[in-house]
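The chain contents come next:
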Amino acid sequence: MIELSTTTALELSPGQAITFDSIPLKTGCAECTRTGTGSVKLRANGVYVVTFSGNIGATAATTAAQLSIQLGGITIPESTMISTTAAAGDLNNVSTTIPIRNCCCDYDRITVVNTGTSTVNVGKGAVLYVRRVS
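Let me sum up the structure you'll find in this document. (Residues numbered from 1 in each chain as written. Predicted model: local features only at pLDDT ≥ 70, side-chain atom pairs only at ≥ 80, totals over all residues. Heavy atoms only, no water.)

A few words on unusual backbone geometry. The backbone of threonine 62 shows a phi angle near 55°, a positive value even though the residue is not glycine. Tracing the chain through its elements places threonine 62 in the loop between β6 (46-58) and β7 (64-71). Classification of threonine 62 as exposed rests on a relative accessible area of 61%. (Helix = DSSP H or I, 4+ residues; strand = E, 2+ residues; numbered from the N terminus. Buried < 20%, exposed > 50% of the residue type's maximum accessible area, 1.4 Å probe, protein only.)

The following block contains the structure:
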């Protein structure tokens, strides 16, 4: 299992991934990352549970902020998280948990990406958990 988090607020342009700068917990060797990057490498075949939670908002009022989990650069549609705030600078909590199967090392990198059309503010303390379950 690996847990990544952010210790500072981020501003993500469309298409940009969250950069995690802290690894509070790492056990085993099925997942790995390099501090300061936005991806987790799945090192073993099997099923993983991926969970993301964070406070997000758009840079303009009533504009939707959108993040999604990507596997190998491909958006997983059911992971998309959308938040619309009443005022610029407001943040709302979003989260998702999804299972992912890794096989043949084709799509073996997990990222959390701004898949919307507007800039997204991500509050400090956003967290990504990846855990191999079988």
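It is characteristic of soluble globular proteins that their nonpolar side chains tend to be buried jointly. Phe52, Leu67, Ile110 and Leu128 are the most contacted members of the largest nonpolar core, which totals 29 residues. Sorting the residues of this core by element identifies β1 (2-5), β5 (39-42), β6, β7, β10 (92-102), β11 (109-114), β12 (120-122) and β13 (127-132) as the ones contributing at least two each. Per-element accounting of this core gives the leading share, five residues, to β6. The contacts of leucine 128, once residues within four sequence positions are left out, are Ile2, Glu3, Leu4, Phe20, Val40, Val50, Thr51, Phe52, Ile110 and Val112. (Core = buried A, V, L, I, M, F, W, Y, C linked by side-chain atoms within 4.5 Å. Contact = heavy atoms within 4.5 Å.)

This part is about the pattern of salt bridges. Counted by the stated rule, this structure contains one salt bridge. Note that lysine 41 is salt-bridged to aspartate 108, the shortest N-O span being 2.5 Å. One end of the pair, lysine 41, is in strand β5; the other, aspartate 108, is in the loop between β10 and β11, and 67 residues separate them in sequence. (Salt bridge = Lys/Arg side-chain N within 4 Å of Asp/Glu carboxyl O.)

A separate point is the environment of threonine 6. For threonine 6, the position within the fold is in the loop between β1 and β2 (10-12). Taking the C-alpha atoms as reference points, threonine 6 and lysine 124, 118 residues apart in sequence, are found 5.5 Å from one another. Engagement of the side chain of threonine 6 in a polar contact is seen with the backbone nitrogen of alanine 126, the distance being 3.1 Å. (Polar contact = N/O pair within 3.5 Å; in protein donor to acceptor, adjacent residues only side chain to side chain.)

With that settled, consider the side chain of threonine 37. You can see threonine 37 is positioned in the loop between β4 (31-32) and β5. Only 3.3 Å separates the side chain of threonine 37 from the side chain of threonine 33, close enough to count as a polar contact. The residues touching threonine 37, leaving out its near neighbours within four places in the chain, are Ile18, Thr19 and Phe20.

Here serine 39 lies in strand β5. Overall, serine 39 belongs to the buried group, its relative accessible area being 16%. When neighbours within four sequence positions are excluded, serine 39 is seen to be in contact with Cys32, Thr33, Arg109, Ile110 and Thr111.

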